[in-house]
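What follows is each chain in one-letter form.
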Amino acid sequence: EGLVAFRMARSRPNDEKKWLVKGESAIQRYETWTTHSEWNFENKFLLLEAESLFSQGNYDSAEKKYIASIESARRHKFIHEQGLALDLLASLYKLR
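Read on for an overview of the structure. Since the structure is predicted, the reported quantities are computational estimates derived from the model, not experimental observations.

## Quick notes on the pattern of salt bridges
Phase 1 of the analysis: As enumerated under the stated definition, the model contains 7 salt bridges in all.
Phase 2 of the analysis: Across the salt bridge formed by Arg10 and Glu51, the nearest N and O atoms sit 3.0 Å from each other. Of the two residues, Arg10 is situated in helix α1 (residues 2-11) and Glu51 in helix α3 (residues 38-55); the sequence distance between them amounts to 41 residues.
Phase 3 of the analysis: Among the ionic pairs, Lys44 bridges to Glu81, the shortest N-O distance being 2.9 Å. Taken together, the positions of Lys44 in helix α3 and Glu81 in helix α5 (residues 79-95) put the pair 37 residues apart, joining distant regions of the chain.
Phase 4 of the analysis: According to the relative accessible area criterion, Glu81 is buried, its value standing at 16%.

Cut-off values and rules
Residues numbered from 1 in each chain as written. Predicted model: local features only at pLDDT ≥ 70, side-chain atom pairs only at ≥ 80, totals over all residues. Heavy atoms only, no water. Salt bridge = Lys/Arg side-chain N within 4 Å of Asp/Glu carboxyl O. Helix = DSSP H or I, 4+ residues; strand = E, 2+ residues; numbered from the N terminus. Buried < 20%, exposed > 50% of the residue type's maximum accessible area, 1.4 Å probe, protein only.

So this is what it looks like as structure tokens:
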């Protein structure tokens, strides 16, 4: 839900606020879940934070969060989520 919300916020300026609220809600849930199981949720939480920063135009901070998410996914052996984070980071690089 969070990744879709941030993508929608960037692609639908008229509804941006609605989608950002949904994305931020997802971040809050993942932040809580990360405190219970860092292994399972850290990379997802970092990826949502990166997407939020990207949606707000804070590209330098977003890049750092994407990289942190990629490294977390690698450490925790979530190869498919590492690939997703790399793909989303590439989207950021396309704009720069």
